[in-house]
Amino acid sequence: MPTIRRLPEHLVNRIAAGEVVERPASALKELVENAVDAGSTQITVRISSGGLDLIEVTDDGCGMEPEQIALALERHATSKLPDEHIELVATLGFRGEALPSIGSVARLTIESRPHEAAEGWKRVVDHGLVAADGPAALPPGTRIRVEDLFGKVPARRKFLRSPRSEYAACQDVVRRQAMARPDIGFVLEHDGRRVIAVQPREELAARVARLVARELAEDGVLIEAERGTARLTGVAGLPTYNRGVADHQYLFVNGRPVKDRLLVGAVRGAYSDMLARDRHAVLALFLEIPPEDVDVNVHPAKTEVRFRDPAFVRGFLVGALRHALESSGQKSAQPASVAAMGMWQVEPVAPAPAPALGSLFAREYSAPQSRSDFRPAPSRVGEAGEVWRSYEAEVMAQPSGRAEPVPDEPEDALRYPLGVARGQVAGTYIVAEADDGLVIVDQHAAHERLVLERLKAAGAEDAMVRSQALLLPEVVELEEAACDALDDKIADLARFGLVLERFGPCAMLVRAVPSVLGKSDVFALVRDIADDLAKNGDALLLGEKLDLVLATMACHGSVRAGRSLSVAEMNALLREMERTPRSGQCNHGRPTWVKLAHQDIEKLFGRK
């Protein structure tokens, strides 16, 4: 019969390290969080080989006395819980497991000096054994080195990824911590190369743009919202500024970087009718709520949280994001002009002289093929006139475009954000002149968004979610957990026109579906919604399907590409775009207009 025994301390620490120290980035995260909790204003991180050979974190925080250093290396010893109220924890760390766990699978060196102390202290733990303990010379603060991670645990080390992959994970950890605390300066060096360097006391928007993407400064909107005791701040990218993966969504709860499916689902819901399903928003959101309303002690790495009122949190995020995006009006993400400017064709300089006046009109010149084609260069002004008359018919041919009288314009017409129409290109693009540049509008994409917003204002959404009762109710068999999730959302789904009932422990009865989805596969629809609930914590799929139907209606009811518009029609479209929220992007997240600034036009012609 197997005998139950108490495990030795070093083995307990190695088992705990399996939860806390999954990879070098996990160890780095714990060390940086300790530095933040110590009240630091500057944190410097040095790593080598992606953190496999070296992780060093130096801070200017409060520091530790020698006896405190020894105590910090014991399991479940921490300064961050002054009492037993763990639900009120306000620091990033609180378990007291990180340092002993790291010290059991690596060579860990801790050097620390309090601000009021004359000298510091150093303690070295090599894979669970104390290797050195004595005075150390260093400025006030703490320096921690982790070397040879998993060096004596080859079974763990062989499952780590390449140094490049581990470095990317470490960089992501520092980036998230630096975003969460713009009041602290951060430096990250990898193999002697400085990768991240941000100064303390930066503005939140500037810090986010510096760390995520500089384009966010122009292609993002600031988030500032409060509801009750909750507060949301951050920067959200315009729908036209999107990515193919969700890796550029940074979410924080009370300063803690998290990866929470409820928050991810709320972001997706907020952008639901502005982005295609395979595109993802770029943003950084910072949610602040009372500590007693969120449980951070649900994951060993503290990357997941649980909210006391998840419906409130989701509604707050969706409402705040939508309000900010709608307030941006017709603003559209303007891509960097360098690539676009490079696409413009510049007239090449011919190596040989062309015929008289030929270069003036950029006429292609080819060498004469026979003596009859040869014309000697003119030697007198009169002869040059004869040469010009030979090209006149070709150069001064009648224009092939359509022209019409321009209606009277207000004196300040150019001050309209989208300017006034000057023409139409390829029957698809409206060219307008604004006070600050040239505006090109995709008439179909723009009108598609206008029609969608018009349909919503006219109550088309309410008409779409009307239920269509099934002649014979359908029974959909699912796993019990999926049925439980659907059972909790029956009232919410009914608002979209999907009427469900519980039909035993492992089945749902479908009595009605939204009228616009009447011909859809009921079994597949319910299964997909159940999967959506499991992934995002909310039934976003049904709303997205209805949005897709509405977007299709808007697409078919909008001005088609290739249709010629009069100047009055083009100006009317521009004015309606300026009045309509979210007109800067079509229903799929693509821009409806772009602008070529005066400076860019001047660069094309070499004026600047």
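What counts, and at which threshold
Residues numbered from 1 in each chain as written. Predicted model: local features only at pLDDT ≥ 70, side-chain atom pairs only at ≥ 80, totals over all residues. Heavy atoms only, no water. Helix = DSSP H or I, 4+ residues; strand = E, 2+ residues; numbered from the N terminus. Buried < 20%, exposed > 50% of the residue type's maximum accessible area, 1.4 Å probe, protein only. Contact = heavy atoms within 4.5 Å. pLDDT = per-residue confidence, 0-100. Salt bridge = Lys/Arg side-chain N within 4 Å of Asp/Glu carboxyl O. Core = buried A, V, L, I, M, F, W, Y, C linked by side-chain atoms within 4.5 Å. Pairing = 2+ DSSP bridges. Axes fitted to C-alpha atoms, helices over the stretch in contact; angles between N-to-C directions. Phe/Tyr/Trp six-rings, centres within 6.5 Å; stacked < 30°, edge-to-face > 60°. Patch = residues over 30% accessible without salt bridge, like charges linked within 9 Å, V, L, I, M, F, W, Y side chains within 5 Å. Areas by Shrake-Rupley, 256 points an atom, 1.4 Å probe, with all protein chains shown as cover. Expected span 1.5 Å × (residues − 1). Polar contact = N/O pair within 3.5 Å; in protein donor to acceptor, adjacent residues only side chain to side chain.

*Asks:* Go over the overall build of the protein chain, please, and point to the residues and values.
*Replies:* In terms of regular secondary structure, the protein chain is built from 20 helices and 24 strands. Per-residue burial over the protein chain gives 45% buried out of 608 residues. Taking all contacts inside the protein chain whose residues are at least 6 apart in sequence as the whole, residues at least 24 apart take part in 68%.

*Asks:* I'd love a proper account of the confidence of the model for the protein chain, names of residues and values included.
*Replies:* Summing up the model confidence of the protein chain, the mean pLDDT is 80 and the portion of residues at 70 or higher is 76%. Here residues 352–374 is modelled with pLDDT under 50, and outside its nearest four sequence neighbours on either side it reaches 17 contacts, counting other chains as well.

*Asks:* Describe the pattern of salt bridges, naming the residues involved and giving the relevant values.
*Replies:* Enumeration according to the criterion identifies 28 salt bridges in this entry. Arg176 is paired through a salt bridge with Asp172; the nearest N and O atoms lie 2.8 Å apart. In this pair, Arg176 and Asp172 both sit in helix H6 (residues 163–180), 4 residues apart, roughly one turn of the helix. What makes Arg176 buried here is its relative accessible area of 11%.

*Asks:* Would you mind going over the nonpolar core in detail, with residue names and values included?
*Replies:* Within the largest apolar cluster, 59 residues are counted, with the highest numbers of intra-cluster contacts made by Leu28, Val45, Val57, Met179 and Phe186. Dropping the residues within four chain positions of it, Val45 is found in contact with Leu28, Val32, Glu56, Val57, Val174, Val187, Leu188 and Glu189. Within the second largest apolar cluster, 36 residues are counted, among which are Leu287, Val313, Phe316 and Val318.

*Asks:* Tell me about the sheet that holds strand S13 (residues 256–258), residues and numbers included.
*Replies:* Strand order in the open sheet made by the 5 strands is S9-S10-S15-S12-S13, with mixed pairing throughout. This sheet does not close on itself; its edge strands, each paired only once, are strand S9 (220–227) and S13. Pairs of neighbouring strands in the sheet enclose a mean axial angle of 20°, with direction left out of account. Where strand S12 (residues 249–253) and S13 come together, 3 bridges link them in antiparallel fashion. Each residue of the ladder has a partner; that of Phe252, found in S13, is Pro257.

*Asks:* I'd like a description of the sheet that holds strand S2 (residues 54–59), backed by residues and values.
*Replies:* Spatially, the 8 strands line up as an open sheet ordered S5-S4-S3-S6-S2-S1-S7-S8, and their pairing is mixed. The sheet is open, and its two borders are formed by strand S5 (129–136) and strand S8 (193–198), each paired with just one other strand. Shown here is a sheet whose adjacent strand axes are inclined to one another by a mean of 10°, direction ignored. Relative to strand S6 (residues 141–147), S2 runs antiparallel, the two being bridged by 6 bridges. Among the inter-strand pairings, Ile55 is bridged to a residue of S6, identified as Val146. On the sheet, helix H2 (residues 24–37) packs against strand S1 (42–48), S2, S6 and strand S7 (185–190) and is oriented at approximately 10° with respect to S2.

*Asks:* Tell me about the packing of aromatic side chains, residues and numbers included.
*Replies:* Between two aromatic rings, the relevant description is the distance of the centres plus the angle of the planes. One pass over the structure, following the stated rule, counts 2 aromatic pairs. For the ring pair Phe252 and Phe286, a centre distance of 4.6 Å and an interplane angle of 10° mean the geometry is stacked. A residue pair is termed long-range when its members are at least 10 positions apart, and Phe252 in strand S12 and Phe286 in strand S15 (residues 283–288) qualify at 34 residues. By the burial criterion, Phe252 is buried, and Phe286 matches it. Plain terms: the ring middles of Phe312 and Phe316 are 6.1 Å apart, the flat faces sit at 15° to each other, and that makes the pair stacked.

*Asks:* Could you give me a rundown of the environment of Ser101, with the residues and numbers involved?
*Replies:* Within the element layout of this structure, Ser101 appears in helix H4 (residues 98–103). Since its relative accessible area comes to 0%, Ser101 is described here as buried. In sequence terms Ser101 and Ile15 are 86 residues apart; their C-alpha atoms lie 8.2 Å from each other.

*Asks:* Before we move on, could you go through a nonpolar patch on the surface and cite the residues and values that matter?
*Replies:* On the surface, Val425, Tyr429, Ile440 and Val594 cluster together into a nonpolar patch covering about 300 Å² of accessible area. If you trace the backbone, Tyr429 turns up in strand S19 (residues 429–434). Exposure remark for Tyr429: the relative accessible area of 38% places this residue in the partly exposed category.

*Asks:* Would you mind going over helix H19 (residues 567–579) in detail, with residue names and values included?
*Replies:* Count 3.6 residues to each turn of an α-helix, and residues three or four apart come out pointing the same way. A rise of 1.5 Å per residue sets the reference length of H19, with its 13 residues, at 18 Å; its end C-alpha atoms lie 19 Å apart and thus fit the reference within 8%. If you check which residues of H19 are buried, you get Val567, Met570, Asn571, Leu573, Leu574, Arg575, Met577 and Glu578. Against strand S18 (420–425), S19, strand S20 (437–442), helix H13 (443–457) and strand S24 (593–597) lie the buried residues of H19.

*Asks:* Provide a residue-level description of helix H9 (residues 261–270), including the pertinent values.
*Replies:* Among the 10 residues that make up H9, 7 are buried, leaving the element largely enclosed by the rest of the structure. Within H9 the residues assigned to the buried category are Leu262, Leu263, Gly265, Ala266, Val267, Gly269 and Ala270.

*Asks:* Explain the pairing of strand S23 (residues 507–514) residue by residue, including any values.
*Replies:* Burial analysis of S23 places 7 of its 8 residues in the buried class, which makes it a mostly covered element. Where strand S22 (residues 499–502) and S23 come together, 4 bridges link them in antiparallel fashion. Bridging across to S23, Val499 finds its partner in Ala512. From the end of S22 to the start of S23, which pair antiparallel, there are 4 residues, and Gly504 there has a positive phi angle of about 90°.

*Asks:* How would you sum up the side chain of Arg123? Please name residues and give values.
*Replies:* Tracing the backbone through its elements, the reader meets Arg123 in strand S4 (residues 120–126). Side-chain polar atoms of Arg123 contact the side chain of Asp133, separated by 3.1 Å. Excluding its chain neighbours within four sequence positions, the residues that come into contact with Arg123 are Ile69, Ala70, Leu73, Leu108, Thr109, Ile110, Val130, Ala132 and Asp133.

*Asks:* Tell me about the pairing of strand S10 (residues 230–237), and please be specific about residues and values.
*Replies:* Burial analysis of S10 places 7 of its 8 residues in the buried class, the great majority of the element. When S9 meets S10, the two strands line up antiparallel, connected through 8 bridges. Bridging from a neighbouring strand, Ile223 pairs with Gly234 of S10. Note that S10 and S15 share 6 bridges and pair antiparallel. Bridge pairing in S15 places Thr233 opposite Phe286.

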